[in-house]
Amino acid sequence: MTDMSPLDDVTVVDLSSGVAGAYCTHLLAGAGAVVVRAEPPEGHPLRRRSASGIVSPDGEDGALFRFLAGSTQSVVADPERPADVALVLDVLARADAVVWDPDSRLAAVPALQPAALHERFPALDVLALTAFGLDGPWAGRAATEFTLQAWSGAIGWRGLPGRPPVSVGGRVGEWMAGTFAATGLLASRRRRASDHGGQILDTSIFEAVALSLTNMHPVTYFAEAGRPRDPAPMSLLPGIHATKDGWVGFMTGTGQQWLDFCVLVERFDWLDDETLIAQGERERRRDELTAHIDAWAAARTTAEILELAAALRVPAAPVGNGATISAIDHFADQEMLVEAPEGGVVQPATPYRLHGKASLPAPGRAPALGEHTAEWARRVADGPRPSAGPTSGPGGRLPFDDLRVVELTAFWAGPSAAQFLGMHGAEVIKVESPARPDGMRALSLRAVDEEQWWEYAPLFHATNTGKLGLGLRLDRPRGLELLVDLLDTSDVLIENFSPRVLDSWELSPELLHQTNPGLIFVRMPAFGLTGPWRDRTGFAQTMEQASGMAWVTGFPDGAPQVPSGVCDPLAGAHAAFALQVALAVRDRTGEGMLVEVPMVASALNVAAEQVIEYTAYGVLAQRQGNRSPSAAPQNLYRTADPDDGLGGPLVAISVETDDQWTALVDALGRPGWAQASELAGFAGRKAREDELDARLGAWCAQRSADEIVAALWTAGVPVARVAMPHEPDHTQFAHRGFFETVEHPVEGSTIVAGSPVRFTRDRYPVHRRRAPMLGEHNAYVVTELLGMTADEYDDLEANHVIGTGLRLDG
Ligand SMILES: CC(C)(COP(=O)(O)OP(=O)(O)OC[C@H]1O[C@@H](n2cnc3c(N)ncnc32)[C@H](O)[C@@H]1OP(=O)(O)O)[C@@H](O)C(=O)NCCC(=O)NCCSC(=O)C(=O)O
């Protein structure tokens with residue numbers, strides 16, 4: 001097979017104008033898809049102004065735009081000119097998919113609305129990105145990332161004692177939505193291959209935020225716990241601490257890592273205190289613990305601390321930012337940050353690697369506005385209009401119903417990648433050691449002396465739906481042989497252990513491809529399979545610390561804070577995307593490959609703006625608490641509702657556009673102070689945001705949250721009640737069926753968040769099968785799939801090669 005770009009047979013039209021749509025098509029173009037951006041004459045908004053508010057010099061495209069639009073084409077079309085709209089429709093007639101959001105003048109043309117496009121081009125996949133989804137009671141309502149975070153509970157839970165809760169900086173939710181969108185589009189494309197039927201992929205940014213920024217499935221957790229979450233905001237501990245020369249971040253995700261951390265900071269009394277293994281107890285003793293950790297860290301350099309932490313296998317990272325990350329040796333060594341094709345700017349590289357014969361195209365430059373208009377006009381004039389092809393009715397096959405996936409995964413990132421394949425039809429077999437199961441099981445609601453305590457773990461239930469469970473010990477030679485036999489009958493292997501683990505089992509692609517050349521082998525290490533940090537371990541929080549995400553989260557006068565968790569679904573969705581890129585190659589050639597998806601690489605992509613803006617404009621993004629570089633006024637405000645003892649209840653208000661400001665002024669009753677002419681523009685509002693906060697604060701303090709939301713939302717102002725993350729009962733979620741009920745034989749009924757990308761052609765619940773119990777499907781795998789006899793099965797069980805339930809004693 002010759003070198004090929006995996007998606008070079010895919011054409012996508014981009015009608016979107018936000019970060020989510022642009023990142024979606026950036027990922028697709030990065031895998032070789034032809035992406036044609038259809039822009040109104042004023043151009044994509046990011047050509048002039050970045051998401052962080054930097055205005056590009058006259059006549060120059062913004063640096064963030066150049067990154068996001070690299071390797072794409074630009075067709076300019078005036079929405080007022082029928083001939084221009086006809087050209088866009090002609091390009092769409094030749095496309096496989098369109099990415100749409102409602103915010104450009106072109107996307108607002110009636111013929112270019114999702115339903116109209118679906119009707120006109122039934123074979124086209126129409127990916128719609130909106131704040132709340134295309135229908136439901138909240139559809140079309142005003143929102144910004146900040147108010148979406150507030151509604152979802154993503155703000156309410158995060159904070160430090162004595163301070164208001166704090167939002168996640170950097171519009172991570174929009175990037176997350178773009179990743180889910182790209183991943184969903186490829187899945188839909190694979191389904192289309194069977195019947196040529198396109199569909200609307202109705203993507204809700206709100207749901208993407210709720211799934212990723214609320215600190216790990218709180219709805220499931222508290223539904224199973226049968227109680228609401230403690231209303232006090234929380235922060236990671238140990239978390240981010242000042243060192244002699246900067247900041248260092250820790251994340252002790254397992255009991256063992258906490259114990260190792262105690263050794264690191266030389267507190268053997270903490271090591272002996274079993275109560276401190278529980279995060280709740282650490283939170284209760286926050287001041288005492290923080291005082292010691294701060295003093296210990298302040299006496300050492302970041303490099304010294306990281307070296308010690310790596311030796312003790314405590315997940316840790318320097319707290320990177322736009323100015324520092326390009327100098328980090330591992331990122332340089334692994335070429336995770338590279339010079340932009342236009343030169344002079346550093347930007348993230350493609351967040352995954354294919355180790356196969358297919359190669360990803362080199363990053364290309366962004367197109368000038370309308371650079372490809374004439375070429376497309378010629379092309380559509382010359383060529384016949386392609387026919388849509390036959391389409392079958394609803395009820396076609398699921399995208400991955402021909403795939404068997406084996407996962408050797410733990411916690412959230414790896415399991416979520418495999419879960420996506422299961423949601424859309426794959427048979428997924430989760431392998432766990434009965435002696436060392438997925439660490440998510442340790443976050444159980446039952447004490448360890450209770451029967452089957454490991455089956456009461458809500459986060460395991462939420463991240464492992466749709467899977468079968470195989471209890472198999474890979475530290476036994478016969479266990480490994482059995483796994484290799486299983487992989488011979490499988491299509492995909494996904495793993496997210498530290499790299500040394502699979503190496504110690506000698507499970508290499510070379511070995512596995514000898515007997516199954518079609519196997520796609522996805523590895524999701526923390527930092528990469530090679531490079532100086534190869535053997536370091538890490539959780540989502542570690543990636544948030546290293547990539548810059550934590551740097552822009554928190555108050556300007558305080559330490560950086562982690563978003564806490566977003567890098568897990570982010571890594572999972574990037575892995576599901578990269579895996580599908582490899583699958584596209586396999587569908588054409590039959591050849592599998594190794595796919596490397598370092599967690600940190602997806603985090604660096606999503607935090608791209610920081611390094612890009614620093615290297616392009618010398619601007620270092622900073623923490624702004626609940627304010628934003630691109631909105632003013634924006635903040636949390638106390639309402640007149642009865643005091644909750646924590647400084648609330650609060651509402652979130654966010655004004656990004658001049659129209660939203662006008663709407664706010666009207667809703668406030670056009671007070672004199674709001675009529676000042678300089679407030680009509682963003683710069684004037686930004687300059688006076690302290691005063692605006694005081695005015696809005698006084699207005700909100702006289703009203704209940706419900707009154708404020710009703711008055712402002714009706715007027716078109718982005719507003720939200722600051723909700724807690726365990727509340728699943730928003731009418732909009734209910735309308736879209738975002739949360740699905742799943743029955744579990746031990747735990748009972750539970751509620752699990754679904755997919756932010758709603759497939760509208762074949763509607764099916766995504767959680768059709770509950771999470772497996774440990775070793776529940778051993779008999780199916782061993783006797784049915786591998787054809788072993790009942791005696792052989794018994795022998796494997798008697799020798800503890802396979803097992804059901806936890807068995808720590810070997
Ligand atoms: C998550 C980790 C930090 C956890 O660290 P550790 O607990 O030290 O795990 P390791 O991966 O190093 O080692 C796994 C151990 O389990 C053993 N193991 C696992 N499965 C089996 C089976 N089936 N049979 C026998 N033994 C097994 C394996 O041999 C190792 O044992 P020993 O050799 O005896 O140690 C690390 O796995 C990691 O960095 N993973 C890559 C990045 C990642 O995915 N991070 C988590 C994202 S989710 C997240 O952040 C979140 O949910 O929160």
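Every value quoted in this text rests on a predicted model; they were computed, and no experiment measured them. Residue positions are given per chain, counting from 1 as you read along its sequence in written order. Local features in this predicted model are restricted to residues of pLDDT 70 or higher, and side-chain atom pairs are both shown and tallied only at a pLDDT of 80 or more, whereas totals for entire chains, interfaces and linings draw on every residue. As a convention, hydrogens and water are excluded, and side-chain values are obtained from all of the structure's heavy atoms.

Draft legend 1. Representation of the site of the ligand within the structure. Put simply, a residue is near a molecule or strand once any heavy atom of it comes within 4 Å of that molecule or strand. As a structural note, the neighbourhood of the ligand is formed by 29 residues, with Arg313, Asn496, Ser498, Arg500 and Gly538 the closest of them. N or O atoms closer than or at 3.5 Å make up a polar contact, with two conditions inside protein: a donor-capable atom paired with an acceptor-capable one, and, for residues adjacent in sequence, both atoms drawn from side chains. Within the backbone of serine 433, one N or O atom sits 3.4 Å away from a nitrogen atom of the ligand. Between leucine 472 and the ligand, the recorded distance is 2.9 Å, taken from a backbone N or O atom to a nitrogen atom. Classification convention: Asp, Glu, Lys, Arg as charged; Ala, Val, Leu, Ile, Met, Phe, Trp, Tyr, Cys, Pro as nonpolar; all other residues, Gly among them, as polar. A breakdown of the residues in the shell around the ligand according to their chemical character gives 16 nonpolar, six polar and seven charged.

Draft legend 2. Here's a closer look at the side chain of glutamate 613. Its place among the elements puts glutamate 613 in helix α25 (residues 608-617). For each residue, the accessible area found with a 1.4 Å probe, counting protein chains only, is set against the maximum for its type, and the residue is called buried under 20%, exposed over 50%, and partly exposed in between. We count Lys and Arg on the positive side and Asp and Glu on the negative side, and we leave His and both chain ends out. Salt bridge criterion: a side-chain nitrogen from Lys or Arg within 4 Å of a carboxyl oxygen from Asp or Glu. Although glutamate 613 lies buried, it forms no salt bridge, and the closest oppositely charged side chain, arginine 49, sits 9.4 Å away as judged by the N-O distance. The contact definition used throughout considers only heavy atoms, calling two residues in contact when any of these lie within 4.5 Å. Excluding residues within four positions of it along the chain, glutamate 613 makes contact with Ser50, Ser52, Ile54, Gly618 and Val619. Strands here mean DSSP runs of E at least two residues long; helices mean DSSP runs of H or I at least four residues long; both are numbered from the N terminus.

Draft legend 3. Quick look at a negative patch on the surface. Only residues whose relative accessible area exceeds 30% and that form no salt bridge enter a patch; like-charged residues are grouped when within 9 Å of one another, and nonpolar side chains (Val, Leu, Ile, Met, Phe, Trp, Tyr) when within 5 Å. Surface exposure here means Shrake-Rupley accessible area, sampled with a 1.4 Å probe, where a residue is shielded only by the protein chains that are shown. To locate a charge, take NZ of a lysine, CZ of an arginine, CG of an aspartate or CD of a glutamate. Together, Asp791, Glu792, Asp794 and Glu797 make up a region of like negative charge exposed at the surface. Within the fold, aspartate 791 resides in helix α32 (residues 790-798). Note on aspartate 791: relative accessible area 62%, which makes it exposed.

Draft legend 4. Just unusual backbone geometry, in detail. With omega at -5°, the peptide bond leading from leucine 237 into proline 238 counts as cis. Relative to the elements of secondary structure, proline 238 occurs in the loop between α9 (218-225) and β7 (240-242). Residue proline 633 follows alanine 632 across a cis peptide bond; omega there is -5°. Examined against the element boundaries, proline 633 turns out to sit in the loop between α25 and β19 (634-638). Positive phi values are uncommon outside glycine, yet methionine 216 reaches one of about 70°. Checked against the element boundaries, methionine 216 lands in the loop between α8 (205-212) and α9.

Draft legend 5. Fine view of the nonpolar core. We call a set of buried Ala, Val, Leu, Ile, Met, Phe, Trp, Tyr and Cys residues a nonpolar core when their side-chain atoms join them within 4.5 Å. In this structure, Leu28, Phe331, Ile494 and Val522 are the most contacted members of the largest nonpolar core, which totals 152 residues. Per-element tally for this core: the top contributor is helix α23 (residues 567-589), with 14 residues. Domains are outlined according to an automatic or database domain assignment. Counting residues domain by domain, this core receives three or more from each of domain 2 (404-605 + 773-798) and domain 3 (631-721). Among residues more than four places away in sequence, those in contact with valine 522 are Val492, Leu493, Ile494, Glu495, Ala575, Leu579, Val595 and Val597. Residues Leu486, Leu519, Leu594 and Val801 belong to the second largest nonpolar core, which totals 29 residues.

Draft legend 6. Here's a closer look at the layout of surface pockets. Estimated volume of the second largest pocket: approximately 1500 Å³. Lining the second largest pocket are 46 residues, and of these Ser17, Asp103, Glu656, Thr657 and Gln660 sit closest to its centre. Partitioning the lining of the second largest pocket into residue classes produces 18 nonpolar, 14 polar and 14 charged. Grid points spaced at 1 Å over the protein atoms alone were grouped into cavities, where a 1.4 Å probe fits but cannot get out, and pockets, open sets with protein on both sides within 12 Å along at least five of seven lines, with lining residues defined by an atom within 4 Å of a point. Grid points are joined across faces, edges and corners, and a volume is the space filled by probe spheres set on the points.

Draft legend 7. The pattern of salt bridges, seen in detail. Scanning all chains against the criterion turns up 56 salt bridges. Between aspartate 587 and arginine 190 there is a salt bridge whose closest N-O contact spans 2.8 Å. On the criterion of sequence distance, the pair formed by aspartate 587 in helix α23 and arginine 190 in helix α7 (residues 172-195) is long-range, its members being 397 residues apart. For aspartate 587, a relative accessible area of 45% puts it in the partly exposed group. By relative accessible area, arginine 190 is classed as buried at 11%.

Draft legend 8. Here's a closer look at the sheet that holds strand β12 (residues 353-355). Two strands make a pair as long as DSSP finds a minimum of two bridges between them. With mixed pairing, the seven strands of this open sheet are ordered in space as β12-β18-β17-β16-β13-β14-β15. Unpaired on one side and paired on the other, β12 and β15 (467-471) mark the two borders of the sheet. Averaged over all neighbouring strand pairs, the angle between strand axes comes to 20°, with direction disregarded. Here four bridges tie strand β16 (residues 492-495) to strand β17 (residues 520-523), and the two strands are oriented parallel to one another. Looking at the pairing, valine 492 lines up with isoleucine 520 of β17. Against the sheet, helix α17 (residues 413-423) makes contact with β13 (404-408), β14 (427-432), β15 and β16, and its axis sits at roughly 150° relative to β16, the strand it touches most. Convention adopted: a line fitted to C-alpha atoms gives each axis, helices being fitted over their contacting stretch, and angles between N-to-C directions are expressed from 0 to 180 degrees.

Draft legend 9. The packing of aromatic side chains, seen in detail. Stacked, edge-to-face and tilted are the three classes for Phe, Tyr and Trp ring pairs, Trp counted by its six-membered ring, which pair at centre distances within 6.5 Å; planes under 30 degrees apart are stacked, over 60 edge-to-face, the rest tilted. As enumerated under the stated definition, the model contains 23 aromatic pairs in all. Relative to tryptophan 151, the ring of tryptophan 138 lies with its centre 4.7 Å away and its plane at 45°, an arrangement referred to as tilted. One end of the pair, tryptophan 138, is in the loop between β5 (125-130) and α6 (145-152); the other, tryptophan 151, is in helix α6, with 13 residues separating them in the sequence. As far as burial versus exposure is concerned, tryptophan 138 and tryptophan 151 are alike and both buried.

Draft legend 10. Looking closely at the packing of helix α4 (residues 82-93) against helix α16 (residues 373-382). Viewed as axis vectors pointing N to C, α4 and α16 meet at an angle of 65°, and their least axial separation amounts to 10 Å. It follows from the interaxial angle that α4 and α16 lie roughly perpendicular. Seen from above, α4 lies across α16 with left-handed handedness. Contacts from Leu87, Asp90 and Val91 in α4 reach Thr373, Trp376, Ala377 and Val380 in α16. Of the residues belonging to the contact of α4 with α16, the class tally is five nonpolar, one polar and one charged. Comment on the angle field: the value is read as roughly parallel under 35 degrees, roughly antiparallel over 145, roughly perpendicular from 65 to 115, and oblique elsewhere. For any pair of crossing helices, the crossing counts as left-handed if the nearer helix is rotated counterclockwise from the farther one by less than a right angle, and right-handed if it is rotated clockwise.

Draft legend 11. Inspection of empty space enclosed by the protein at higher detail. Taken as a whole and judged by the stated rule, the model has seven cavities of 30 Å³ or more. Approximately 260 Å³ is the volume found for the largest cavity. Lining the largest cavity are 23 residues, and of these Phe180, Leu211, Ser416, Phe420 and Met423 sit closest to its centre. Looking at the lining of the largest cavity, the elements that each hand over two or more residues are α7, α17, α18 (458-463) and α23. Element by element, the count of residues in the lining of the largest cavity is highest for α17, at five residues.

Draft legend 12. Fine view of the domain arrangement of the protein chain. Split into domains, the protein chain comes out as domain 1 (252-314), domain 2 (404-605 + 773-798) and domain 3 (631-721). At the junction of the two partners, domain 1 supplies six residues and domain 2 supplies six residues. The quantity reported as buried area is the accessible area (1.4 Å probe) lost by two parts once they are put together, taken as the sum for both. Taken together, both faces of the contact between domain 1 and domain 2 bury some 510 Å²; the carbon and sulfur share is 53%. Interface area lost by domain 1 to domain 2 is led by Gly253, Leu306 and Arg313, which between them contribute 61%.

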